Amino acid sequence: MITFSNVNKWYGPYHALADINAEVKKGEVVVVCGPSGSGKSTLIRTVNRLEEIKSGSVTVDGIDIHAADNKGRALNRMRSRIGFVFQSFNLFPHLSVLDNIAVSPMKVLGLKRDAARDRAMRLLARVGLANKATSFPAQLSGGQQQRVAIARALAMEPPAMLFDEPTSALDPEMVGEVLAVMRGLADEGMTMMCVTHEMGFAREVADRVWFMDAGRILEIAEPETFFRSPQHPRAQRFLSDLRSH
């Protein structure tokens, strides 16, 4: 579903992504972990071209996202097929919860208003917030806002979902409600790529864990193997630090 081929990116002299080669299979849940500044968020943001790459390619469902002719409307069409959930929610404050979810299917997919709102209500029920349809984002907790953001991404019926540290801005008691929604998506077979510090989620839900440091993927393993006996010394140190903390 998602393939990185020899991907490199620089910020000036800083080599942010170095020779990335990896793939996310259809229906697979991949958790990307590693220390702060390791390139995790930069990597996931190349998938919908929020970050440009210097060389290599990123393909999603067979489409080269960074191809030179993918600009303007063509790029927006591709982005509309990749669900992206940010750590900061990014909901429209002037729209109700229902309209936050319905607006993109109407504007981008051309869905009629009633059909879009019906879809939005189904998705709100799916994330446990059917009773908040008429509320505005400012009236919701952080965990509720993030669940609305997930529903909004799902409204475009994407073949893959990207999560960039979706719980890092939440109070600890709200983390579980967001992870529960993500677990549900994984159980339904959604292709997911998640940057997260929630190692319990990685252990329980991921099919594979990618460990990054200094812009490189240093280890790819199934969760049981990664957490029990990581191979790379940097991964060993990372997990040792986590346990001691």
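Residues numbered from 1 in each chain as written. Predicted model: local features only at pLDDT ≥ 70, side-chain atom pairs only at ≥ 80, totals over all residues. Heavy atoms only, no water.

### Things to note about the nonpolar core
General note: in soluble globular proteins, nonpolar side chains tend to be found buried as a group.
Step number 1: Counting 52 residues, the largest nonpolar core has Ile101, Ile150, Met161, Phe163, Met182, Met192 and Phe226 as the members making the most contacts within it.
Step number 2: For this core, the leading source of residues is helix H6 (residues 172-187), giving eight residues.
Step number 3: In contact with Phe163, other than residues within four places in its own chain, are Ile44, Val85, Ile150, Met182, Leu185, Met192, Met193, Cys194 and Val195.
Step number 4: Residues Ile2, Val30, Ile44 and Ile65 belong to the second largest nonpolar core, which totals 27 residues. (Core = buried A, V, L, I, M, F, W, Y, C linked by side-chain atoms within 4.5 Å. Buried < 20%, exposed > 50% of the residue type's maximum accessible area, 1.4 Å probe, protein only. Helix = DSSP H or I, 4+ residues; strand = E, 2+ residues; numbered from the N terminus. Contact = heavy atoms within 4.5 Å.)

### Some details on the sheet that holds strand E6 (residues 82-85)
Step number 1: Read from one edge of the open sheet, six strands run E6-E7-E8-E3-E9-E10, paired in mixed fashion. Looking at which strands have only one partner, the edges of the open sheet turn out to be E6 and strand E10 (216-221). Neighbour-to-neighbour, the strand axes of this sheet turn through a mean angle of 20°, independent of strand direction.
Step number 2: Relative to strand E8 (residues 191-195), strand E7 (residues 160-164) is paired through five bridges, and the arrangement is parallel. Looking at E8, one finds that Met161 is bridged to Met192.
Step number 3: Against the sheet, helix H5 (residues 142-154) engages E6 and E7, with an angle of about 170° to E6.
Step number 4: Strands in contact with helix H9 (residues 233-244) are strand E3 (29-33), strand E9 (208-213) and E10; relative to E9, the strand with the most contacts, it is inclined by about 100°. (Pairing = 2+ DSSP bridges. Axes fitted to C-alpha atoms, helices over the stretch in contact; angles between N-to-C directions.)

### Details of the pattern of salt bridges
Step number 1: Counted according to the given criterion, the structure contains 14 salt bridges.
Step number 2: Between Lys9 and Glu51 there is a salt bridge, with the nearest N and O atoms lying 3.4 Å from each other. Placement of Lys9 in strand E1 (residues 2-11) and of Glu51 in the loop between helix H1 (40-46) and strand E4 (55-60) is noted, with a sequence separation of 42 residues between them. This pair shows no difference in class: Lys9 is buried, exactly as Glu51 is. (Salt bridge = Lys/Arg side-chain N within 4 Å of Asp/Glu carboxyl O.)

### Some thoughts on the sheet that holds strand E5 (residues 63-64)
Step number 1: Taken together, four strands build an open sheet; the order of strands is E2-E1-E4-E5 and the sheet is antiparallel. Across the chains shown, the open sheet's two edge strands, defined by having one partner strand only, are strand E2 (14-24) and E5.
Step number 2: Note that E1 and E4 share five bridges and pair antiparallel. Directly across from Ile2, in E4, lies its bridge partner Val60.

### Here we look at H5
Step number 1: Taking 1.5 Å of rise per residue, 13 residues should cover 18 Å, and H5 covers 19 Å from first to last C-alpha, within 8% of that figure.
Step number 2: Burial analysis of H5 places 13 of its 13 residues in the buried class, the great majority of the element. (Expected span 1.5 Å × (residues − 1).)

### A few points about the environment of Arg203
Step number 1: Structurally, Arg203 can be placed in helix H7 (residues 199-205).
Step number 2: Along the chain, Arg203 and Ser229 lie 26 residues apart, while their C-alpha atoms are 13 Å from each other.
Step number 3: Setting aside residues up to four positions removed in sequence, Arg203 forms contacts with Pro223 and Phe227.

### Let's talk about the packing of aromatic side chains
Step number 1: Within the structure shown, the criterion is met by five aromatic pairs.
Step number 2: Measuring from centroid to centroid gives 4.5 Å for Phe84 and Phe86, while their planes differ by 35°, and the two rings are tilted.
Step number 3: Residue Phe86 is classed as partly exposed on the basis of its relative accessible area, which comes to 22%.
Step number 4: When the centroid spacing of 5.2 Å and the interplanar angle of 50° are considered together, the rings of Phe211 and Phe238 count as tilted. Of this pair, Phe211 sits in strand E9 while Phe238 sits in helix H9, and the two are 27 residues apart along the sequence. (Phe/Tyr/Trp six-rings, centres within 6.5 Å; stacked < 30°, edge-to-face > 60°.)

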